[in-house]
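Structural overview
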Protein chains: 2
Amino acid sequence: MELGPPGGSGPAEPGPRLRGLRGADAAASASSLSRFGAEAGCRAPAVAAVLPAGGSGERMGVPTPKQFCPILERPLISYTLQALERVSWIKDIIVAVTRENMETMKGIIQRYQHKRISLVEAGVTRHRSIFNGLKALAEDQPNCRLSKPEVVIIHDAVRPFVEEDVLLKVVTAAQEHGCSDYDLEFGTECLHLALKYSHIKAKLVEGSPDLWKVTYKRDLYAAESIIKERISQKVCVVMDTKEDEEHVGHCLEEMLKTELNHVKVTSGQDLQQIILEQCYNFVCVNVMTSDFEETQRLLNMLEESNLSILYPVVVISVHFLDYESVPLGQKMEKVMQIREFAKEAKKRNILLSGLLIYFPQEEQKLRESLRQGTTIISALIKERNSGLIGQLLVA
Amino acid sequence: MELGPPGGSGPAEPGPRLRGLRGADAAASASSLSRFGAEAGCRAPAVAAVLPAGGSGERMGVPTPKQFCPILERPLISYTLQALERVSWIKDIIVAVTRENMETMKGIIQRYQHKRISLVEAGVTRHRSIFNGLKALAEDQPNCRLSKPEVVIIHDAVRPFVEEDVLLKVVTAAQEHGCSDYDLEFGTECLHLALKYSHIKAKLVEGSPDLWKVTYKRDLYAAESIIKERISQKVCVVMDTKEDEEHVGHCLEEMLKTELNHVKVTSGQDLQQIILEQCYNFVCVNVMTSDFEETQRLLNMLEESNLSILYPVVVISVHFLDYESVPLGQKMEKVMQIREFAKEAKKRNILLSGLLIYFPQEEQKLRESLRQGTTIISALIKERNSGLIGQLLVA
């Protein structure tokens, strides 16, 4: 059961193919699988995944093996594990790593709180690593804590964007299909090996363009951009609820909705729920008098949640300035406190910056500053650059 | 003579191959070609390039054909043209575009000042487009301003990172080699077509990983990151030359040299030369008293040069603050003038921001603010985000 072309082959294919190898035993039916996917918490069918991750990544042109290369400061393999963990019916995930990377891998599992992971030692080739993974799953292993699966998915550690529907297709194919000449012709050597040595039937499954493999440095760049784009799809606007002061906050929210295309802007009425729904961007409006009250409340809630464990969370603390009542310099000096908050927040992977928006009486001018504010908010969310935390930007 | 797999095939291959088709006429020898490459200005050998650019880019998932998708606000095809123009011995570059994109293409050529370009109308298939390009180069065309080439390179409009040495290899192969079974087996249908219809000999030439093709949205992301990285390799530190005030500027320069790995930091002694050498990043130190004097001088020089036509140029106007003599708010208000300069500079594709560095007497603390300043400079250069222009950042 294998996703995509084997380790030795090239970079992403236009429509990568998945290979499903049928298990020796009868397995739960495909329909029950999708039911298990939908109803989390039910008894999981016997599916496991094996990730060969013993590669050295010499094509990448960097000393770190590609599965350990950081994207937004988190190793690539952690994204792949995250993608598999999300699938409730994959009961066990076996990762094969070299002896020298065993401690690194343990650290990654602990830091990013990965669950259902077991480690085995990688072999000298990708096939040996897979074999070691399968061996760990075999029932006859002494002291084996793992249950013997009916289907095993073999997935490259460097394909972080695998989706549940594709995995389901593979498992379904593994259960339903036999091996055809077509598959042997278009598949790669794994299919031949399966037939030759295991007498196991094989089926080629159509993948999706998302299933590409990180091979070159440029693929890491692309992966980073895709991940940044994905976690920038939702922005939550948080503000206090004092009736009379709300107006400007709502104007900003409306402006964000019209200017940020493809971004869902929600208001933070039920912050707990929004955090649960994995929103990674917060615009926190501190109206006129209250300075950092709202921002601090938000930071506390974020700290209590574990939201920022996997991705850096962007928080923009918005403040308004009426030039006529307070001089710019004085207000700026006050809001510069943001630097101290930001230093603390960074320790918890929260990227905090301040935004001072000029708040003139005239509607037209106000719209202009709000529009500028929106441009800055968009840049901060899009780039997610930790080098700019604690800065006070002015619109 | 063709670079990379034909239009219909998948995304980047690990080591893309180049196909060279031998011209019907005898051509200048390979050695003379490389001599012409090295000694610019000599009589150019008869080499032309044809770029089929009539594709619709449906795989990209965006309405704009991929060759016109913007990278740092400039269309992808302009980067490819730039790569071919750099090669002095390519005399003519023929671009085949659809009738509906003809005006867009003319606009691109004018705006980015491309030279040696002729446009022809694209055909309904890639091969027809190539044919139209070749026809325009044929000697017997009425009113033909183009000279008939001895070798024609056919290059995908969406492979922006082609290098001179690879093009030279193709031309050399076109002159020296015949067609082999090996080539026919590993090449794609273009080789077969060449043999079948033109009785032209073909040769497969080994390419480089840089020669990949922009096919999916993720490839655009990768291309943008690669381009950003390439133009961020050099930073020039500009400062006035008053002996006694220079110290802090030099400290910053030293800090940039140690903190920015892989980045060449030069001092702007001979600005004209540095601009000529295509440095796209400037840190402009305005020491204590002079406010924007240095920055304005630099902006004027950049405006006179045409440096920012092809890439956005980052200029960071650095100012120092001694809290004990000037209050932060007052200084900030003063330096906030940067916003007006930035608005003007943006019109010329120059991204100007301000950086206020705290300048304490104590050496240890000074190093700390300089290090923070370096982090901010690095973020601004790396991201090159026009949403943050005119901002005053504080280290």
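Residues numbered from 1 in each chain as written. Chains lettered and ligands numbered in written order. Predicted model: local features only at pLDDT ≥ 70, side-chain atom pairs only at ≥ 80, totals over all residues. Heavy atoms only, no water.

This part covers the overall build of chain A. Scanning chain A from N- to C-terminus turns up 14 helices and 15 strands. Of all 395 residues assigned to chain A, the portion counted as buried reaches 57%. Long-range pairs, those at least 24 residues apart, make up 75% of the contacts in chain A between residues at least 6 apart in sequence. When the accessible surface of chain A is split by element, carbon and sulfur atoms take 50% of a total near 17,400 Å². (Helix = DSSP H or I, 4+ residues; strand = E, 2+ residues; numbered from the N terminus. Buried < 20%, exposed > 50% of the residue type's maximum accessible area, 1.4 Å probe, protein only. Contact = heavy atoms within 4.5 Å. Areas by Shrake-Rupley, 256 points an atom, 1.4 Å probe, with all protein chains shown as cover.)

The subject of this paragraph is the nonpolar core. Counting 191 residues, the largest nonpolar core has A:Ile90, A:Val95, A:Phe282 and B:Phe282 as its most contacted members. Setting aside its immediate chain neighbours within four residues, A:Phe282 contacts A:Cys236, A:Val238, A:Leu271, A:Ile274, A:Ile275, A:Leu298, A:Leu302, A:Leu307, A:Val313, A:Val314, A:Val315 and A:Ile316. Core analysis: the second largest hydrophobic core is formed by 31 residues, B:Val47, B:Phe68, B:Ile90 and B:Ile109 among them. (Core = buried A, V, L, I, M, F, W, Y, C linked by side-chain atoms within 4.5 Å.)

All names here are of chain A. Burial analysis of strand 10 (residues 234-239) places five of its six residues in the buried class, which makes it a mostly covered element. Bridge count between strand 10 and strand 11 (residues 264-267): four bridges; the pairing is parallel. Bridge pairing in strand 11 places Val-235 opposite Val-265. In the sheet, strand 10 pairs with strand 12 (residues 281-286) via four bridges, with the strands oriented parallel. If you follow Cys-236 over to strand 12, its bridge partner there is Phe-282. (Pairing = 2+ DSSP bridges.)

Another aspect to go through is unusual backbone geometry. For A:Arg116, which is not glycine, the phi torsion reads 60 degrees and is therefore positive. Mapped onto the fold, A:Arg116 is located in the loop between helix 3 (102-111) and strand 7 (117-121). Looking at A:Arg116, the relative accessible area reads 30%, which means it is partly exposed. Unlike most non-glycine residues, B:Glu73 shows phi in positive territory, near 70 degrees. Here B:Glu73 is to be found in the loop between strand 4 (70-71) and strand 5 (74-75). Classification of B:Glu73 by relative accessible area gives exposed; the value is 52%.

All right, on to the confidence of the model for chain A then. Residues and elements named next belong to chain A. For chain A, the mean per-residue pLDDT works out to 81, and 77% of the residues sit at or above 70. Confidence drops under a pLDDT of 50 for residues 34-44, and excluding neighbours within four residues, the segment shows 14 contacts in the predicted structure. Here residues 180-186 scores under 50 on pLDDT; set against residues more than four positions off or in separate chains, the count is 13 contacts. (pLDDT = per-residue confidence, 0-100.)

Helix length check: helix 5 (residues 164-176) of chain B (13 residues) gives 18 Å between terminal C-alpha atoms against 18 Å at 1.5 Å per residue, within 8%. Those residues of helix 5 of chain B not exposed but buried are B:Val166, B:Leu167, B:Leu168, B:Val170, B:Val171, B:Thr172, B:Ala173, B:Ala174 and B:Gln175. (Expected span 1.5 Å × (residues − 1).)

What follows is about the interface of chain A and chain B. Listed per partner, the contact involves 36 residues of chain A and 36 residues of chain B. Each partner contributes to the roughly 3,300 Å² buried at the junction of chain A and chain B, and carbon and sulfur atoms together form 58% of this total. There are two salt bridges connecting chain A and chain B. Between A:Lys217 and B:Glu229 there is a salt bridge whose closest N-O contact spans 3.3 Å. Elements with a contribution of two residues or more to the side of chain A that touches chain B: helix 8 (217-230), helix 12 (328-335), helix 14 (363-383) and strand 15 (392-394) of chain A. (Buried area = accessible area lost by both parts, 1.4 Å probe. Salt bridge = Lys/Arg side-chain N within 4 Å of Asp/Glu carboxyl O.)

Let's shift gears to the relation of the copies chain A and chain B. Relative to chain B, chain A is turned by 180 degrees and slid 0.0 Å along the rotation axis, the superposed coordinates differing by an RMSD of 0.0 Å. With respect to symmetry, the two chain copies, as superposed, fit the operation of a two-fold axis. When C-alpha positions in chain A are compared against the rotation axis, the closest is assigned to A:Gly329, at 1.9 Å. Both copies contact each other with a shared surface, as 100% of the interface residues of chain A are interface residues in chain B too. (Least-squares fit on C-alpha atoms with pLDDT ≥ 70 in both.)

Now for the state of the cysteines. Applying the stated criterion across every chain yields a total of zero disulfides over all chains. Cysteine A:Cys284 remains unbridged, with the sulfur of A:Cys236 as its closest cysteine sulfur at 8.9 Å. Of all cysteine sulfurs, the one in B:Cys236 lies closest to B:Cys279, which takes part in no disulfide; the gap is 5.3 Å. On the basis of relative accessibility, which here comes to 2%, the residue B:Cys279 falls in the buried class. (Disulfide = S-S within 2.5 Å.)

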